[in-house]
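Structural characterization, general
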Amino acid sequence: MKKIDLKTLEKKIKVRQLKLKDYDTLIELQKLCFPGMKPWKKEQLEGQLEIFPEGQICVEINKKIVASSSSLIIDFDLYTDSDNWQTLSDSGYITNHDPEAETLYGIEIMVHPDYRGMKLARRLYEARKEIVIKKNLRNIVIGGRIPYYLKHQKKMSAREYVEKVMNKELYDPVLTSQLSNGFVLKRIIPAYMAGDEESAGYATLLEWSNIDYVPPIGKKIVTSKKARICAVQYMLRPIKSFDDFAIQCDYFTDVASGYKCDFILFPEIFTLQLLSFLPNERPGKAVRHLAEFTPQYLELFNKLSINYNINIIGGSHFTREDDDLFNIAYLFRRDGTMEKQYKIHITPNERRWWGIKPGDKVEVFETDRGKINIQICYDVEFPELSRIAVSKGAEILFVPFCTDERYGYLRVRQCVQARCIENGVFAVMAGNVGNLPFVENMDIQYAQSGIYTPSDFMFSRDAIAAECTPNVETVVIHDVDLELLKRHRSQGSTLNWFDRRQDLYEVILKK
């Protein structure tokens, strides 16, 4: 028998850091592992390798990449339970990586289909654990796909499916592997990764704790919960079609998304711009024709919120319900859900020119960046609404407004600032500028949009976080820190919210 050369039978397995030259091979692997999902862009891998190279690893067998893993370090306490993959990884660019934080967050792991069953995922998880131990991190958190759920979706909920996998009644190639590698299920996240049809968008949030973790002595932990906000100062100009309107809205949303904003606010009744290409009719009849665009308006902003991964307060729009006409502000969340707030206080002009009916409910909306309330222009001039909204947990007031001259604008702006002081909240206002010469009651506009804070040392001078230049088309963008509100309410120079004399007076919503 001929002597066997063992070298010819060897499989050389190596775990190493990824390199930019691996990009093409990595994309081929992604397409095999996640068919139908968009693979990494080259800029994403470049960013990962530049920001946190040791967190991007792969497994080679005989110099062929057959598995890979991507991760970053984050302060997990800054994120909410509803945050999705895009938010936690900055859509794969990991610019939110924080080397001073204590959680390694895994954003992707994949194994070539032909090499599954070789426990390559275990090698990647072990490599992650080595990073955690070496850097003295507290834990690993991962959002795991459940790709076999598609086979069972019609028979059971995602929760039932996960329980059956945990009880070993069912097998899932991702979740089963994660559980076998020492991860503990924390909860199930809906709408985690757009485009993951196999998992129906669901993911499991799992954690591995580093039992060797030693909290740094004397480390000062500063908690922060930031939201980036964009207010649009929108130019009303004649247009020729709904498509022209959509192009402008898409442009501003793209701008806000480019700056990684969490919210964008458009002005009150800026959809009246659509009347510039409709037949000139008496105002009451014209706005009822305008209301016919409601389905297109809703579809447009719902699509923009998803495509640009941003929560949109779509100004306000005249909407017909049965025979009544309402001024409604719509919230379009980036997870695809929608809510609405009716204008409660109707101005004399709205009543006389258009026959608008009032709403009767103060809504507070849960978002992935805290609880918000929407007050349409005149509503913010009545302090009771803000009291009610803040008692329900609102942290940011969004005020779309429409004023024709400076006196009207100042009424809104000064009331916005008063609401911030009274309730210890942030407020954002966005208004229209420009003119619509042939649209009655909308011929001139005055606005200076801005973002405002309580008046105290921990906030901006003059309690103005940021403001637009008056009467020009532009945007203003600023970060607000919701944790500062908590500190302000408990440690501020004055404690307006807590010092209310509720033994003497109270505000009650009757409905």
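1. With respect to the packing of helix H7 (residues 242-258) against helix H9 (residues 294-307)
H9 packs onto H7 with a crossing angle of 25° between their chain directions and a minimal axis gap of 11 Å. Taken together, the axis directions place H7 and H9 in an arrangement best described as roughly parallel. Handedness of the crossing formed by H7 with H9: right-handed. Within the contact between the two elements, H7 uses Phe242, Phe245, Ala246, Cys249, Asp250 and Thr253 and H9 uses Gln296, Tyr297, Leu300, Phe301 and Leu304.

2. Thoughts on the sheet that holds strand S20 (residues 450-452)
Judged by pairing direction, the sheet is mixed, and its 6 strands sit side by side in the order S15-S16-S17-S18-S20-S21 without closing on themselves. Of all strands in the sheet, those bounded by a partner on one side alone are strand S15 (365-367) and strand S21 (464-467). On average, adjacent strands in this sheet sit at an angle of 20° to one another, irrespective of strand direction. Taken together, the 3 bridges between strand S18 (residues 426-430) and S20 define a ladder with antiparallel strand orientation.

3. Structural notes on the environment of leucine 124
Among the structural elements, leucine 124 can be located in helix H4 (residues 120-134). Every residue in contact with leucine 124, bar those within four places of it in the chain, is listed here: Ile57, Cys58, Val59, Ala67, Ser68, Ser69, Ile109 and Met110.

4. Section: the layout of surface pockets
In this structure, the second largest pocket encloses a volume near 480 Å³. Thr347, Asn349, Cys402, Thr403 and Asp404 are, among the 23 residues lining the second largest pocket, the residues nearest its centre. Of all the secondary structure elements, the ones that give two or more residues to the lining of the second largest pocket are helix H10 (348-354) and helix H12 (406-423). Residue contributions to the lining of the second largest pocket peak at 4 residues, all from H10.

5. Let's talk about the sheet that holds strand S6 (residues 184-189)
Within the open sheet, the 7 strands sit side by side as S1-S2-S3-S4-S5-S7-S6. Their pairing is mixed. Here the strands that pair on one side only, and so sit at the sheet edges, are strand S1 (13-17) and S6. Neighbouring strand axes in the sheet, compared pairwise and without regard to direction, differ in orientation by 25° on average. Here 4 bridges tie strand S4 (residues 103-111) to strand S5 (residues 139-144), and the two strands are oriented parallel to one another.

6. Considerations on unusual backbone geometry
Even without being glycine, lysine 63 reaches a positive phi, approximately 70°. Here lysine 63 lies in the loop between strand S2 (57-61) and strand S3 (64-74). Its identity as a non-glycine residue notwithstanding, aspartate 462 has a phi of 65°, on the positive side. With respect to the element layout, aspartate 462 can be found in the loop between S20 and S21.

7. Regarding the nonpolar core
With 61 residues, the main nonpolar core has Leu104, Tyr105, Leu120 and Tyr192 as its most contacted residues. Tallying contributions element by element places H4 first for this core, with 7 residues. Beyond its immediate sequence surroundings of up to four residues, tyrosine 105 is in contact with Ser70, Ser71, Leu72, Ile74, Phe76, Leu88, Val141, Ile142, Gly143 and Tyr192.

Cut-offs used in this document
Residues numbered from 1 in each chain as written. Predicted model: local features only at pLDDT ≥ 70, side-chain atom pairs only at ≥ 80, totals over all residues. Heavy atoms only, no water. Axes fitted to C-alpha atoms, helices over the stretch in contact; angles between N-to-C directions. Helix = DSSP H or I, 4+ residues; strand = E, 2+ residues; numbered from the N terminus. Parallel < 35°, antiparallel > 145°, perpendicular 65-115°, else oblique. Left-handed = near helix turned anticlockwise from the far one by under 90°. Contact = heavy atoms within 4.5 Å. Pairing = 2+ DSSP bridges. 1 Å grid on protein atoms, 1.4 Å probe; cavity = no way out; pocket = protein on both sides within 12 Å on 5 of 7 lines; lining within 4 Å. Points joined across faces, edges and corners; volume = space filled by probe spheres on them. Core = buried A, V, L, I, M, F, W, Y, C linked by side-chain atoms within 4.5 Å. Buried < 20%, exposed > 50% of the residue type's maximum accessible area, 1.4 Å probe, protein only.

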